[in-house]
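Inside the fold
The chain contents come next:
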Amino acid sequence: MRNDDNILKKFGLRVQILRKQRNLSQEKLAERAGLHRTYIGMIERAEKNITLRNIAKIAEALGVEAYELIK
């Protein structure tokens, strides 16, 4: 597995965990972040390489600092 693939998987899993802890659907998280609902699913499945802007949007929608998504 390439290192960047591993990073995407870890990031996607972290988003999914935080989203579920907050009882948010992918659709609700997407709405809060101003993103498309399918995009959230693609991030959680590590199918998309996310931009810093979208990391910030998702972090704000989850109520965490952006660095907390990259653990």
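What comes next concerns the included structure. Just so it is clear, the model here is predicted, and its values are computed rather than measured. (Residues numbered from 1 in each chain as written. Predicted model: local features only at pLDDT ≥ 70, side-chain atom pairs only at ≥ 80, totals over all residues. Heavy atoms only, no water.)

Once that is clear, we can look at the packing of helix α2 (residues 26-33) against helix α4 (residues 52-62). Close contact between α2 and α4 brings their axes to 8 Å; oriented N to C, the two are set at 110°. Here α2 is positioned roughly perpendicular relative to α4, judged by the angle of their axes. The way α2 lies across α4 gives a crossing that is right-handed. Facing α2, whose interface residues are Leu 29, Arg 32 and Ala 33, α4 presents Lys 57, Ile 58, Ala 61 and Leu 62. (Axes fitted to C-alpha atoms, helices over the stretch in contact; angles between N-to-C directions. Helix = DSSP H or I, 4+ residues; strand = E, 2+ residues; numbered from the N terminus. Parallel < 35°, antiparallel > 145°, perpendicular 65-115°, else oblique. Left-handed = near helix turned anticlockwise from the far one by under 90°. Contact = heavy atoms within 4.5 Å.)

With that settled, consider the environment of Ala 66. Among the secondary structure elements, Ala 66 is positioned in the segment after α4. In this structure Ala 66 comes out as partly exposed when scored by relative accessible area, which is 31%. Sequence separation between Ala 66 and Ala 33 is 33 residues; the distance between their C-alpha atoms is 13 Å. With sequence-adjacent residues up to four places away left out, Ala 66 is seen in contact with Ile 55 and Ala 59. (Buried < 20%, exposed > 50% of the residue type's maximum accessible area, 1.4 Å probe, protein only.)

To continue, consider α2. Those residues of α2 lying buried are Leu 29, Ala 30 and Ala 33. Taken end-on, α2 shows its buried residues confined to a sector of 100°, consistent with a single buried face. When the buried face of α2 is taken as reference, the exposed residues oriented beyond 90 degrees from it are Glu 27, Glu 31 and Arg 32. Structurally, α2 contributes buried residues whose contacts are with α1 (3-21), α3 (37-44) and α4. Where α2 ends, the next residue or the one after it, Gly 34, has phi of about 75°, a positive value. (Arc of directions from axis to C-beta.)

With that settled, consider the nonpolar core. One finds Phe 11, Leu 29, Ile 50, Ile 58, Leu 62 and Leu 69 to be the most contacted residues of the largest nonpolar core, which totals 19 residues. Contributions of two or more residues to this core are made by α1, α2, α3 and α4. For this core, the leading source of residues is α4, giving five residues. Residues in contact with Leu 62, not counting those within four places in the same chain, are Val 15, Leu 18, Arg 19, Arg 22, Leu 24, Leu 29 and Leu 69. (Core = buried A, V, L, I, M, F, W, Y, C linked by side-chain atoms within 4.5 Å.)

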